[in-house]
Amino acid sequence: MSPRYVIGVVHAAHVAAGKRQGFVAFSHGKEAAVRNLDVGDKVIFYAPKTEFDGDPVQAFVGHATVTGDAPRQMDYMTGMPAWGRDAEFDDVVEVPVRPLLEDLSFVTRPSHWGMAFRQGKFTIPEADYRLIAKAMGLDT
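If you're wondering where the values come from, they're calculated on a predicted model, not measured in any experiment.

**Q** Please set out the overall build of the chain residue by residue, giving values where relevant.
**A** A count of helices and strands for the chain gives 3 helices and 8 strands. Of the regular secondary structure in the chain, the N- to C-terminal order runs β-α-β-α-β-β-β-β-β-β-α. For 140 residues, the compact-globule formula gives about 14 Å, and the C-alpha radius of gyration of the chain, at 14 Å, lands near that figure. Taken along its principal axes, the extent of the C-alpha atoms in the chain is 40 × 40 × 25 Å. Scored against the burial criterion, the 140 residues of the chain give a buried share of 44%. Here the analysis covers contacts within the chain between residues at least 6 apart in sequence; of these, 65% occur between residues at least 24 apart. Of the roughly 7600 Å² of accessible surface on the chain, a fraction of 50% belongs to carbon and sulfur atoms. Distance between charge centres in the chain, computed from 15 positive and 18 negative side chains, equals 5 Å.

Structure representation (structure tokens):
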């Protein structure tokens, strides 16, 4: 079975915590957000900000491959319980979103591009995944 390609929308600090601890989580740690992932699925993280009240980032900041076969509950950052899936992160280059907007098929209205990222997690076509992953320095 081929992997699914997922965009996770989380703050940059959360991506860094997930990378340190080896897991992916979305939608404020809700179990339903990680339940339908499969081993081998690829996740690209988009960070709108550094933290909830932080500075703007507006970039793709992380890439992970799901390795855990089931959700597990964990302590996340400042004692906040969350559901996640074990994952292996790659070292990538942070890529600003704006230069890619015209080439991403899931951004249907580049002048209102933020609407595409209003969801906490969504699946993207393989071509979009490859475009972002290549910009991040991954050999796809």
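**Q** Go over the packing of aromatic side chains, please, and point to the residues and values.
**A** Taken as a whole and assessed by the stated rule, the structure comprises 11 aromatic pairs. Taking the centre distance of 5.8 Å and the plane angle of 65° together, the rings of Y46 and F60 count as edge-to-face. One end of the pair, Y46, is in strand 3 (residues 42-49); the other, F60, is in strand 4 (residues 56-66), with 14 residues separating them in the sequence. Plain terms: the ring middles of Y46 and W113 are 6.4 Å apart, the flat faces sit at 85° to each other, and that makes the pair edge-to-face. Of this pair, Y46 sits in strand 3 while W113 sits in the loop between strand 7 (95-96) and strand 8 (121-124), and the two are 67 residues apart along the sequence. Given the relative accessible area of 3%, Y46 is considered buried. Taken together, Y46, F60, F106, W113, F117 and F122 form an aromatic cluster joined through their ring pairs.

The rules behind each value
- Residues numbered from 1 in each chain as written.
- Predicted model: local features only at pLDDT ≥ 70, side-chain atom pairs only at ≥ 80, totals over all residues.
- Heavy atoms only, no water.
- Helix = DSSP H or I, 4+ residues; strand = E, 2+ residues; numbered from the N terminus.
- Rg over C-alpha atoms; globule rule 2.2 N^0.38 Å.
- Buried < 20%, exposed > 50% of the residue type's maximum accessible area, 1.4 Å probe, protein only.
- Contact = heavy atoms within 4.5 Å.
- Areas by Shrake-Rupley, 256 points an atom, 1.4 Å probe, with all protein chains shown as cover.
- Lys, Arg positive; Asp, Glu negative; His and termini not counted.
- Charge placed at Lys NZ, Arg CZ, Asp CG, Glu CD.
- Phe/Tyr/Trp six-rings, centres within 6.5 Å; stacked < 30°, edge-to-face > 60°.

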